[in-house]
Amino acid sequence: LTRLYSGMQPSAESLQIGNYIGALLNWKTLQQTHDAFFSIVDLHAITVAQDPAKLRLNTRRTAAQYIAAGIDPSASTLYVQSHVPAHAQLAWVLNTITGFGEASRMTQFKDKSARHGADATTVGLFAYPTLMAADILLYQTSVVPVGEDQRQHVELTRDLALRFNSRFGETFTIPEVAIVKETAKIYDLQNPTSKMSKSAESHAGVIWLLDEPGVTKKKIMRAVTDADGGVVFDRENKPGVANLLTIYSVLASQSIESLENEYAGRGYGDLKKGLVEVVLGTFDPIRERVAELIGDPAELDRVLASNAAKASDVANETLATVYDRVGFLPLR
Ligand code: TYM
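The paragraphs below set out a description of the structure included in this document. Remember, it's a predicted structure, so these values are computed and weren't measured experimentally.

## As for unusual backbone geometry
At Gln 140, a residue that is not glycine, the phi angle is positive and equals roughly 50°. Inspection of the secondary structure assignment puts Gln 140 in the loop between helix H8 (128–138) and strand E4 (143–145). Positive phi values are uncommon outside glycine, yet Ser 253 reaches one of about 50°. By the element assignment, Ser 253 lies in the loop between helix H11 (239–252) and helix H12 (256–262). Since its relative accessible area comes to 69%, Ser 253 is described here as exposed.

As structure tokens, then:
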């Protein structure tokens, strides 16, 4: 089976609908045909300040959301990044072959450091992409399914793998990014030309998996549209409606075209009401399952521990090869 790797940050209590559509839904399908590793990347999360108690809570909650959304922790390897020390160890080695200028060109770093201000920009944030490269390369990954915002990081990962291989000998599989074009970028409902994000300044346009149904309904009914009135998919001129149609289409497994037909001559209010039903129909059972899972943290921790052991076996093998290739003295 082809090896697949992806992950998410436990940086909020709940995932948002972009994480669900852009990542989790694809993972769920791909896990059936791949040897899949899914991590909860807590080492990445602390590149911006986290409250320790909340981080612990959010890590369990993120794991619960993966499982509730359909990731099977007995078929896929679902684990917490910090449980496998090899990630930090390989990241260090990769830092030493990454150019300062190369890392400075990462757009997510530039955005985040602009948002948090120069004083809050840490070396950790700067090194975020090399840690992500370590995640992917430790598992000899072939396929990395992500949203559009992670494409540049996967490209850097490929460059680093090629560079290491040519300098020290064949060591890493060169990974390919897998991005589903139609759903690679879900937009904020209040600001339909910017990406929906867990770290958005205002949450008015962010649909959280774990929001109360009433809150979700309100947010969808208040989504920004346009004055034209027609339910037509036009990303350029009608970004709000295009975004609603994208979400609707994926969650209802119905083509955009058939939605346009269904809602032809009806207003945006009807489209939004239809979308509310589809979103709640998807999220209600997930929310219930998450509540069950986090109600038994001991069981959840046990699942995470056994998966971390599986991940460690693979990761440690790659790390040992890397340590040998770069010339570290073996510990005998
Ligand atoms: P994170 O936690 O920001 O997001 C998790 C996944 O969700 C996707 N995503 C979206 N897709 C569509 N529309 C959106 N609005 C949207 N917002 C987020 C992201 O593209 C991502 O796939 N650096 C990664 C985590 C990571 C990782 C890895 C991923 C760490 N190591 C190794 C793959 C492989 C991140 O911050 O994801």
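Still to come is the rest of the account.
## Some thoughts on helix H3 (residues 52–68)
The end-to-end C-alpha distance of H3, which contains 17 residues, comes to 24 Å, matching closely the 24 Å that a straight helix rising 1.5 Å per residue would cover. Along H3, the positions that sit buried rather than exposed are Leu 55, Asn 58, Thr 59, Arg 61, Thr 62, Ala 63, Ala 64, Gln 65, Tyr 66, Ile 67 and Ala 68. Once H3 ends, the next one or two residues include Gly 70, with phi positive near 120°.

## Notes on the packing of aromatic side chains
Under the defined criterion, the tally for this structure stands at 12 aromatic pairs. Note on Trp 27 and Phe 38: the rings are 4.6 Å apart at their centroids and 10° apart in plane angle, and the pair reads as stacked. With Trp 27 in helix H1 (residues 17–30) and Phe 38 in strand E2 (residues 34–40), this residue pair connects regions lying 11 residues apart in the sequence. The same class applies to Trp 27 as to Phe 38, namely buried. Ring geometry for Trp 27 versus Tyr 66: centroids 5.2 Å apart, planes at 90°, classification edge-to-face. In this pair, Trp 27 sits in helix H1 while Tyr 66 sits in helix H3, placing the two residues 39 residues apart along the sequence. Taken as a pair, Trp 27 and Tyr 66 share a single burial class, namely buried. What links up through ring pairs into an aromatic cluster is the set Tyr 5, Phe 37, Tyr 79 and Tyr 139.

## Things to note about the side chain of Asn 165
Locating Asn 165 in the fold gives a position in helix H9 (residues 151–168). Taking relative accessible area as the criterion, Asn 165 reaches 7% and is therefore assigned buried.

## Description of the pairing of strand E1 (residues 2–8)
Most of E1 sits inside the fold, with five of its seven residues counted as buried. By the bridge criterion, seven bridges tie E1 to E2 in an arrangement that is parallel. Residue Ser 6 lies in a different strand from E2, and its bridge partner there is Phe 38. Viewed along the sheet, the connection from E1 through H1 into E2 turns out right-handed.

## Observations regarding the pattern of salt bridges
Here the structure, examined in full by the defined rule, presents 14 salt bridges. Two residues, Asp 301 and Arg 60, come together in a salt bridge whose shortest N-O distance is 2.8 Å. With Asp 301 in helix H14 (residues 297–326) and Arg 60 in helix H3, this residue pair connects regions lying 241 residues apart in the sequence. The partly exposed category is assigned to Asp 301, whose relative accessible area is 32%. What makes Arg 60 partly exposed here is its relative accessible area of 28%. With a shortest N-O distance of 2.6 Å, Arg 163 and Glu 102 are connected by a salt bridge. One end of the pair, Arg 163, is in helix H9; the other, Glu 102, is in helix H5 (residues 100–104), with 61 residues separating them in the sequence. Within this structure, Asp 226, Asp 228 and Lys 238 form a network of salt bridges that share partners.

What counts and what doesn't
- Residues numbered from 1 in each chain as written.
- Predicted model: local features only at pLDDT ≥ 70, side-chain atom pairs only at ≥ 80, totals over all residues.
- Heavy atoms only, no water.
- Helix = DSSP H or I, 4+ residues; strand = E, 2+ residues; numbered from the N terminus.
- Buried < 20%, exposed > 50% of the residue type's maximum accessible area, 1.4 Å probe, protein only.
- Expected span 1.5 Å × (residues − 1).
- Phe/Tyr/Trp six-rings, centres within 6.5 Å; stacked < 30°, edge-to-face > 60°.
- Pairing = 2+ DSSP bridges.
- Right-handed = clockwise from strand over helix to strand, strands pointing away.
- Salt bridge = Lys/Arg side-chain N within 4 Å of Asp/Glu carboxyl O.

Remember that the coordinates give geometry; whether it matters functionally is a separate question.
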